[in-house]
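The lines below spell out each chain.
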Amino acid sequence: MKTAFILCGALAREVLDIVARRGWAVDVFGIPAIVHMRPERIAPEVERKLRAIRADYDRVLVVFGDCGSRGALDTLLAGEGLERIDGPHCYEMYGGPLFDTLMDEEPGTFFLTDFLVRGFRGTIWHGLGLDRYPQLLDDYFANYRRLVYLTQSEQPELLAKAETIAATLRLPLDVRHTGYGQLETRLAAWMERNAQ
């Protein structure tokens, strides 16, 4: 039985690692993470990828949170008889109950993951136009009170980058190691439920 994951580019490195470690026979197809800057594009991009590969696979899982699509992704998948991994976004997938605890403690929390630390300059800085309009920094981040970095890999070079990002955003940094958290747990559960 041929299996494909259509996944968010922000989860690609981690999902590829999980697939390799667990020895799953899964083909992985990514959607660029930059679509999060325009969440209304998520469902159409997933649909486009699905149309391109669907005939070649017996099982397809969409590895995406809702990520601001306002239910459009779930509506698309319901019409196709497909599932997506559970969760509203990657912060909850990595953090599980910790995410809710952190938000209850401080609703003004800006989150980073390994992906966002690696790609901060392109995804956040450029994506929000701060490379062209740095004066907007305070407008975007004035209501945030802290920066929480949910780490997947505990790499010293990423921690150093996160510290630089926190200084740039003028926010205190709180680092929490989550590993792959619920992302791996939910992928493994889906693979087990859908075993031949």
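No experiment lies behind these values; they were computed from the predicted model shown.

Enquirer: Before we go on, may I ask you to explain the side chain of Asp114 in this structure?
Expert: Relative to the helices and strands, Asp114 resides in helix H6 (residues 114-118). One buried charged residue, Asp114, forms no salt bridge at all, with the nearest opposite charge on Arg118 at 4.4 Å. At 2.6 Å, the side chain of Asp114 and the side chain of Tyr149 are in polar contact. The residues contacting Asp114, other than those within four sequence positions of it, are Glu14, Tyr149, Leu150, Thr151, Gln152, Ser153 and Leu158.

Enquirer: Would you take a moment to explain the sheet that holds strand S1 (residues 3-8) for this structure?
Expert: The strands making up a sheet associate through hydrogen bonds between their backbones, and the pairing can be parallel or antiparallel. Overall, parallel pairing links the four strands, which are arranged S2-S1-S3-S4 in an open sheet. Of all the strands in the sheet, the pair left with one neighbour each is strand S2 (26-31) and strand S4 (83-84). Each of S1, S2 and strand S3 (59-63) is contacted by helix H2 (residues 42-53), which is oriented at about 145 degrees to S2, the strand it contacts most.

Enquirer: Any chance you could explain the nonpolar core here in plain terms?
Expert: A general tendency of soluble globular proteins is for nonpolar side chains to be buried together. Residues Phe5, Val63, Leu183 and Leu187 are the most contacted members of the largest nonpolar core, which totals 41 residues. Secondary structure elements with two or more residues in this core: S1, helix H1 (12-22), S2, H2, S3, helix H3 (72-80), helix H4 (90-95) and helix H10 (181-193). Ignoring sequence-local partners within four residues, the contact set of Phe5 consists of Val15, Val19, Trp24, Val26, Asp27, Val28, Phe29, Leu61, Val63, Leu187, Trp190 and Met191. By size, the runner-up hydrophobic cluster in this structure holds 18 residues, among which are Phe141, Leu147, Tyr149 and Leu169.

Enquirer: Looking at this model, I keep getting lost on the pattern of salt bridges. Mind explaining?
Expert: When charged atoms on two side chains of opposite charge get close, those side chains can pair. As enumerated under the stated definition, the model contains 17 salt bridges in all. Glu47 is the salt-bridge partner of Arg51, the closest N and O atoms lying 3.2 Å from each other. One end of the pair, Arg51, and the other, Glu47, are both in helix H2, four residues apart, so they sit about a helical turn from each other. Given a relative accessible area of 47%, Arg51 falls into the partly exposed group. A residue is classified by how much of its surface remains accessible, and Glu47, at 31% relative accessible area, is partly exposed. Residues joined by salt bridges that share partners form a network here, namely Asp17, Arg21, Arg22 and Glu184.

Enquirer: Help me understand the pairing of strand S7 (residues 173-177) in this model?
Expert: Within a regular strand, side chains alternate between the sheet's two faces. The sheet contact formed by strand S6 (residues 146-151) and S7 spans five bridges and is parallel. Note on S7: the bridge partner recorded for Leu150 is Arg176. For the crossover from S6 across helix H9 (residues 156-169) to S7, the handedness is right-handed.

Enquirer: What should I look at first to understand the sheet that holds S7 in this one?
Expert: Read from one edge of the open sheet, three strands run S5-S6-S7, paired in parallel fashion. Unpaired on one side and paired on the other, strand S5 (109-112) and S7 mark the two borders of the sheet. Ignoring which end each strand starts from, the neighbouring axes of this sheet average 25 degrees apart. Strand direction decides the pairing type here: S5 and S6, joined by four bridges, are parallel. Within S6, the residue paired with Leu112 across the bridge is Tyr149. Here H9 sits on the sheet and contacts S5, S6 and S7; the angle it forms with S6, its principal contact strand, is near 165 degrees.

Reading guide: rules and limits
Residues numbered from 1 in each chain as written. Predicted model: local features only at pLDDT ≥ 70, side-chain atom pairs only at ≥ 80, totals over all residues. Heavy atoms only, no water. Helix = DSSP H or I, 4+ residues; strand = E, 2+ residues; numbered from the N terminus. Buried < 20%, exposed > 50% of the residue type's maximum accessible area, 1.4 Å probe, protein only. Lys, Arg positive; Asp, Glu negative; His and termini not counted. Salt bridge = Lys/Arg side-chain N within 4 Å of Asp/Glu carboxyl O. Polar contact = N/O pair within 3.5 Å; in protein donor to acceptor, adjacent residues only side chain to side chain. Contact = heavy atoms within 4.5 Å. Pairing = 2+ DSSP bridges. Axes fitted to C-alpha atoms, helices over the stretch in contact; angles between N-to-C directions. Core = buried A, V, L, I, M, F, W, Y, C linked by side-chain atoms within 4.5 Å. Right-handed = clockwise from strand over helix to strand, strands pointing away.

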